[in-house]
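Examination of the molecular architecture
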Amino acid sequence: MEFLTNLVPPNFEFQVQYLAIILITVGILYIGYLKIKASSSSIPPGSLGFPLIGETISFLMAQKQDKSKQWFEIRVQKYGPVFKTSLVGSPIVVLTGQAANKFIFSANDAIAGNQMLSTATIFGKYSIFEVEGSRRKLIKSAMMNFLKPESIQKIIVEMDSIVKKYLLKELEGKESVQFVPLIKKVTFKVTSTLLFGLHEGWDKEKLFEDLTIAFRGLWAIPLRIPGTKFRKACQARDRVCKTLSKLIKTRKEDMEEGKMGSQQDMISTFLSLRDEEGKPLLEEEIIDNLITLIFASQDTSSCLVCLFFQYLGRDTNVYNKVLEEHKEIAKTRVESDGKLKWSEMQSMKYTWKAVQELMRLKPPLSGNFRYVTRDISFGGYDIPKGWRILWVAFPTHMDPEIFDEPEKFQPSRFEGPSKSVPPYTYIPFGAGSRICPGSEFARIDVLLIIHHLVTNYGWTPLIPNEPLIHDPMPYPAKGLPVRLQPMLDQENTT
Ligand code: HEM
């Protein structure tokens, strides 16, 4: 090994230049091929940008500056609701609007879920985002089963005590705190304890650290050159795989010895799963889907909570209504046995409407890719096999025909069935066969964090109008530092 590492440095610079020349040449040829193909059929209008990198840089810059919505708006205005672009080395057709959403979310096997190369590498080839057909159905049904409302009801008391314990422990005695890292930690504790059974004794901090590094590679240029974000992410993924492999082994032994049931957490649920031939899942299948679940559950919920706290810090009217609702719930709890009840979650009505409205304006996952497995057409345009398509939430979420005065924050939009929104227009959790299986888990997780924070602390953001950054989810760019004020009225605390 030492021999090899000694040899690498002198050749390294040369290798990178050589690789860059090859990649650029291949990129130019590929884009040339796409342009010829595009001129001979009815490919949507738009720009494929520069060879190989396409429009990746402008797209990532827009993400960094919280201007993704504008990035899409400019192109929709210029080319129409269906347009082509090229991101991270792949030609893409962006489809916007209600009909387009319906087309994507109710698609047959002509539109597969495969992600971009970097994302697919980090999640793994067996991730639910990658597999199709009966295997996908099997894995999805296990997730849906474990995460359905009836199952969440059974773990609600434990979920509440984890949120309360970790959140209040982290805040105790502090005058100021950064909400982003704090909330990420708390949501990771909830997920790792309840979904993966990582109770005391496991090195959660190390796992959390490795997962954070791995997820940074999701949108990176997929080059495994030393020092790149992507290579570091792949190395971190390898470490995560080793930890999860050990965890699966221990869980298997516990189940064999009867120390643990078959549906106690997501790992035991996957371990007990059998396909139509009665065969269990491969260890790699379990690992890839655990990694996918951690990402899908953790970053989405924590960014939503952070955006909500940032919003509440700016809007006293909404803050007061939320506070009132939670004080009332906390008061009733103190008067009863002190344990959280499912009915209390259902009475956090205003808060959930406000969160729903926030997800309309700032969806944690504002879009996702699909892969076209055979030539298809939509809206009079051809989309060739091998291209990707991208659905985006902003165009319908911000359409004045669907949501009156779309720029305004109005939780009342989500009141009552009479104001229900048309199908395929409000899509923070996606729709159709790929709809998010964790929406109920997320709802409870988010509401519990809000509940324990607002009933125990007041806060003032230390950076007024802190901008957002997409990493890839939208977060306050400086980590949302706040000054804390413990609630003096202890009667109202939980
Ligand atoms: C506020 C929190 C959340 C938001 C906004 C969110 C959003 C979404 C969206 C938009 C999709 C669809 C992606 C697509 O169509 O390409 C999705 C899929 C998914 N979500 Fe969530 N999610 C959240 C929380 C969770 C949680 C808590 C879990 C698990 C515990 C979870 C697990 C998944 C999985 C596994 C998929 C893939 C489903 C499939 O491909 O069939 N999500 N999520």
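Residues numbered from 1 in each chain as written. Predicted model: local features only at pLDDT ≥ 70, side-chain atom pairs only at ≥ 80, totals over all residues. Heavy atoms only, no water.

The protein chain is annotated in an unreviewed UniProt entry as Cytochrome P450 of Kingdonia uniflora. Word for word, the UniProt comment on the protein chain under Cofactor (unreviewed entry) is "heme". (UniProt positions renumbered as here; feature names shortened; annotations may be inferred.)

1. So, the overall build of the protein chain
If you tally the helices and strands in the protein chain, you get 17 helices and 12 strands. Looking at the protein chain as a whole, 51% of its 494 residues are labelled buried. Taking contacts inside the protein chain between residues at least 6 apart in sequence as the whole, the part at least 24 apart equals 72%. By element, 57% of the accessible surface of the protein chain is carried by carbon and sulfur atoms, the whole surface being about 23,200 Å². (Helix = DSSP H or I, 4+ residues; strand = E, 2+ residues; numbered from the N terminus. Buried < 20%, exposed > 50% of the residue type's maximum accessible area, 1.4 Å probe, protein only. Contact = heavy atoms within 4.5 Å. Areas by Shrake-Rupley, 256 points an atom, 1.4 Å probe, with all protein chains shown as cover.)

2. Points about the side chain of Asn-289
Tracing the sequence through the fold places Asn-289 in helix H12 (residues 283–314). A polar contact of 2.7 Å, which involves the side chain of Asn-289, links it to the backbone nitrogen of Ile-128. Every residue in contact with Asn-289, bar those within four places of it in the chain, is listed here: Tyr-126, Ser-127, Ile-128, Ile-139, Met-143 and Phe-270. (Polar contact = N/O pair within 3.5 Å; in protein donor to acceptor, adjacent residues only side chain to side chain.)

3. Description of helix H9 (residues 204–216)
What sets the pattern is the α-helix's 3.6 residues per turn: residues three or four places apart point alike. If you check H9, its first and last C-alpha atoms are 18 Å apart, about what 13 residues at 1.5 Å a residue would give, namely 18 Å. When H9 is considered as a whole, its buried residues turn out to be Lys-204, Leu-207, Phe-208, Asp-210, Leu-211, Ala-214 and Phe-215. Looking down the long axis of H9, one finds its buried residues gathered within 170 degrees of arc, a one-sided arrangement. Where H9 is buried, its residues contact helix H5 (117–123), helix H7 (149–171), helix H8 (179–194), helix H10 (229–256) and H12. (Expected span 1.5 Å × (residues − 1). Arc of directions from axis to C-beta.)

4. Digging into the sheet that holds strand E9 (residues 457–461)
Taken together, the three strands give an open sheet; going across it, the order is E4-E12-E9, and neighbouring strands pair in antiparallel fashion. Unpaired on one side and paired on the other, strand E4 (176–178) and E9 mark the two borders of the sheet. Taken pair by pair, the neighbouring strands of this sheet meet at an average axis angle of 35 degrees, ignoring direction. Sitting on the sheet, helix H17 (residues 439–456) is in contact with E9 and strand E12 (481–486), with an inclination near 90 degrees to E9. (Pairing = 2+ DSSP bridges. Axes fitted to C-alpha atoms, helices over the stretch in contact; angles between N-to-C directions.)

5. Some details on the site of the ligand
In the vicinity of the ligand there are 29 residues, among which Arg-136, Lys-140, Asn-368, Arg-370 and Cys-436 approach most closely. Separating an oxygen atom of the ligand from a side-chain N or O atom of Arg-136 is a distance of 2.8 Å. Arg-370 places a polar side-chain atom, nitrogen or oxygen, 2.8 Å from an oxygen atom of the ligand. Among the secondary structure elements, those contributing two or more residues to the shell around the ligand are helix H6 (133–147), H12, strand E5 (367–372) and H17. Broken down by element, the shell around the ligand gets its largest block of residues, six residues, from H12. Each residue belonging to the shell around the ligand can be placed in one class, and the counts come to 18 nonpolar, seven polar and four charged. (Near = heavy atom within 4 Å. Nonpolar A, V, L, I, M, F, W, Y, C, P; charged D, E, K, R; others polar.)

6. A few points about the coordination of the iron atom of the ligand
Protein coordination of the iron atom of the ligand is limited to a single donor, Cys-436 (SG), positioned at 2.4 Å. Mapped onto the elements, Cys-436 comes out in the loop between helix H16 (394–397) and H17. (Donors = N, O, S within 2.8 Å, 3.2 Å for Na, K, Ca; no water.)

7. Focus: the sheet that holds strand E3 (residues 111–112)
One open sheet holds the five strands; their spatial order is E1-E2-E8-E5-E3, and the pairing between them is mixed. The two strands at the open ends of the sheet, each matched to only one other strand, are strand E1 (82–87) and E3. Relative to E5, E3 runs antiparallel, the two being bridged by two bridges. Within the sheet, the bridge partner assigned to Ile-111 lies in E5 and is Val-372. Packing of helix H3 (residues 68–79) onto the sheet brings it into contact with E1, strand E2 (90–95) and strand E8 (388–392), and relative to E1 it is tilted by some 130 degrees.

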